Amino acid sequence: MARSALLNVMVDAVRKAARSLVRDFGEVENLQVSLKGPGDFVSAADRRAEDILRTELSRVRPGYGLLMEESGSIAGSDDQHRWIVDPLDGTTNFLHGIPIFAISVALERQGQLVAGVIYNPVMDELYVAERGGGAFLNDRRLRVANRREMHECVIGTGIPFVGRGDHHAYLKQQQAVMNETAGIRRCGSAALDLAWVAAGRFDGFWEQGLHPWDMAAAIVLIREAGGFVSDLSGGDKMFETQGISAGNETVHKKLLDILAKAK
Ligand code: 2AM
Ligand code: CA
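Residue positions are counted from 1 within each chain, in the order its sequence is given. Chain labels run from A onward and ligand labels from 1 onward, assigned in the order the entries are written. Given that the model is predicted, a residue must reach a pLDDT of at least 70 before its local features are reported, and side-chain atom pairs must reach 80 or more before they are shown or counted; all residues, however, enter totals for whole chains, interfaces and linings. Side-chain calculation: all heavy atoms of the structure are included, whereas hydrogens and water are not.

Quick look at the overall build of the chain now. Along the backbone of the chain there are eight helices and 13 strands. This radius of gyration counts C-alpha atoms alone. The globule rule is 2.2 Å times how many residues there are, raised to the power 0.38. In terms of overall dimensions, the chain is globule-like: its C-alpha atoms have a radius of gyration of 18 Å, near the 18 Å expected for 263 residues. Projected onto the principal axes, the alpha-carbon positions of the chain cover approximately 50 × 45 × 30 Å. We call two residues contacting when some pair of their heavy atoms lies within 4.5 Å. Within the chain, contacts between residues at least 6 apart in sequence are counted, and of these 62% link residues at least 24 apart. Accessibility throughout is a Shrake-Rupley quantity obtained with a 1.4 Å probe, and a residue counts as covered only by protein chains that appear here. Accessible area for the chain stands at about 12000 Å²; split by element, carbon and sulfur atoms hold 49% of it. Residues scored as positive are Lys and Arg, those scored as negative are Asp and Glu, and His as well as the terminal groups of each chain are ignored. The atom standing in for a charge is NZ when the residue is Lys, CZ when it is Arg, CG when it is Asp and CD when it is Glu. In the chain, 30 positive and 34 negative side-chain charges are present, and the distance between their average locations comes to 3 Å. Counting from the N terminus, the helices are DSSP H or I runs at least four residues long and the strands are E runs at least two residues long.

Structure, rendered in structure tokens:
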């Protein structure tokens, strides 16, 4: 597959940051047993990866704005373009030595998401998509799963934790989904969970309380894989409402219906 110049610069930046993350992930296991624990170390790993991404993306596309998990919003001289970057999605997994985490980079042009790259360096799974050009996993074309019966569907989700989200409302949603589906999975990286919808591994996904950097790249991937993405009311305000739901056309609609009834 011949990649566009844009995807090439995104992939190069992501691979460079991934080398730093993988080195640091190797250290985490040693630190698990230390008195202080790996918490501060992981924050530093996160910042190191973000610094590499900011440096590389700004070098190849000077002037583009940035929205990054750690540094926040950085305005550029070009107000038509913005990178949306999560240097380490799945921080809790990383901290616990669980090898499910990813770097996620998206490009927004005139307010529209046009390209996305998500990379899980431990599994060496590179997901890329560009608007109109399809979605790929390690150069293999992706298509969302085509199951239509909810009782056959595996649905990914994110579960709120201490101090985060409305636990009661979430449990009602989870109960409603578990009553109708083949199973629920919670892997701990929204970017990867959503990439897995694009790859047809999960039939659907929903989560509340996410930020743009958790979902931006994956939104491009899912749409380019023929899937549907919306906020939890079926609208297009994923960033504003912090909620997201995805699947093929049928599963996406059925999942939204189940979630609406669970209120
Ligand atoms: P993170 O690892 O980059 O923080 C898991 O349900 C998803 O929620 C992950 O993508 C995770 O991204 C995100 N997440 C974890 N803690 C969060 C928090 N305090 N606020 C917002 N998102 C969070
Ligand atoms: Ca994240």
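After that view, the rundown keeps rolling.
If you trace the backbone, H167 turns up in helix α4 (residues 167-178). When neighbours within four sequence positions are excluded, H167 is seen to be in contact with P160, F161 and V162.

Let us look at the side chain of D203. Along the chain, D203 falls in the loop between α5 (190-198) and β11 (204-208). Between N or O atoms, a polar contact is any pair within 3.5 Å; within protein, one atom must be a potential hydrogen donor and the other a potential acceptor, and residues adjacent in sequence are included only when both atoms are from side chains. Looking at D203, its side chain comes within polar contact range of the main-chain nitrogen of V154, at 2.8 Å. Those residues in contact with D203, other than ones at most four positions away along the chain, are A145, R147, E152, C153, V154, I155, A246, G247, N248 and V251.

As a further point, take the sheet that holds strand β5 (residues 112-120). Here, any two strands with at least 2 DSSP bridges between them count as paired. One open sheet accounts for eight strands, arranged β2-β1-β3-β4-β5-β6-β7-β8; its pairing is mixed. Of all strands in the sheet, those with a lone pairing partner are β2 (72-74) and β8 (140-141), marking the two edges. Across three bridges, the pairing between strand β1 (residues 64-68) and β2 is antiparallel. Bridge pairing links L67 to S73 in β2. The strands that helix α2 (residues 39-60) touches are β1, β2, β3 (78-89) and β4 (102-109); relative to β3, the one it contacts most, it runs at about 150 degrees. Helix axes are fitted only over the stretch in contact, all axes being lines through C-alpha atoms; the angle between N-to-C directions runs from 0 to 180 degrees.

Let us look at the nonpolar core. In plain words, nonpolar cores are sets of buried Ala, Val, Leu, Ile, Met, Phe, Trp, Tyr and Cys residues tied together by side-chain atoms within 4.5 Å. Partly exposed residues are those whose accessible area sits between 20% and 50% of the maximum for their type, while under 20% is buried and over 50% is exposed, using a 1.4 Å probe and protein chains only. Among the nonpolar cores identified, the biggest contains 40 residues, and I118, Y127, L142, L194, L221 and I244 are the most heavily contacted of them. Looking at this core, the elements with two or more residues in it are β4, β5, β6 (125-130), β7 (134-137), α5, α6 (212-224) and β13 (243-247). No other element matches the nine residues that α6 contributes to this core. Counting contributing residues per domain, this core is built from domain 1 (5-141) and domain 2 (150-261), each supplying no fewer than three. Source of the domain bounds: an automatic or database domain assignment.

Moving on, we come to the site of ligand 1. Surrounding ligand 1, one finds 18 residues, the nearest of these being D89, G90, T91, R186 and E207. Note that an oxygen atom of ligand 1 is positioned 3.0 Å from one of the backbone N or O atoms of A190. E207 has a polar side-chain atom sitting 2.7 Å from an oxygen atom of ligand 1. Considering ligand 1 on its own, with 480 Å² of exposed area, one finds that the protein chains cover 84% of that surface. Element by element, the count of residues in the shell around ligand 1 is highest for β3, at three residues. We call Asp, Glu, Lys and Arg charged. Ala, Val, Leu, Ile, Met, Phe, Trp, Tyr, Cys and Pro are nonpolar, and the rest, Gly among them, are polar. Across the shell around ligand 1, the residue classes break down as four nonpolar, seven polar and seven charged. Summarising the domain contributions, the shell around ligand 1 has at least three residues from each of domain 1 (5-141) and domain 2 (150-261). Nearness of a residue to a molecule or strand requires only that one of the residue's heavy atoms be within 4 Å of it.

Attention shifts here to the domain arrangement of the chain. Under the domain assignment, the chain is made up of domain 1 (5-141) and domain 2 (150-261). For domain 1 versus domain 2, the distance between C-alpha centres works out to 21 Å. Domain 1 puts 38 residues into the contact, and the matching count from domain 2 is 22 residues. Both sides of the domain 1 and domain 2 interface together cover about 2100 Å² of buried area, and 69% of this is carbon and sulfur. Using a 1.4 Å probe, buried area is obtained as the accessible area two parts lose upon being combined, added over both of them. When residues of domain 1 are sorted by the area they lose upon contact with domain 2, L113, I118 and Y127 head the list and together hold 25% of the total.

Before going further, it helps to examine the coordination of the calcium ion (ligand 2). Ideal geometry at a metal centre gives angles of 109.5 degrees when four donors are arranged tetrahedrally and 90 or 180 degrees when six donors are arranged octahedrally. Donor selection uses N, O and S atoms within 2.8 Å of the metal (3.2 Å for Na, K and Ca). Since no water is included, sites may look incomplete. Every protein donor of the calcium ion (ligand 2) is accounted for by D86 (OD), D89 (OD) and D214 (OD), and the metal-donor separations fall at 2.0 to 2.2 Å. Ordering the donors of the calcium ion (ligand 2) by residue number gives the pattern D-x2-D-x124-D. According to the relative accessible area criterion, D86 is buried, its value standing at 0%.

What follows covers the pattern of salt bridges. Between Lys or Arg on one side and Asp or Glu on the other, a salt bridge is scored when a side-chain nitrogen of the former is within 4 Å of a carboxyl oxygen of the latter. Scanning all chains against the criterion turns up 11 salt bridges. By sharing partners, the salt bridges in this structure join K16, E56 and R59 into a single network.

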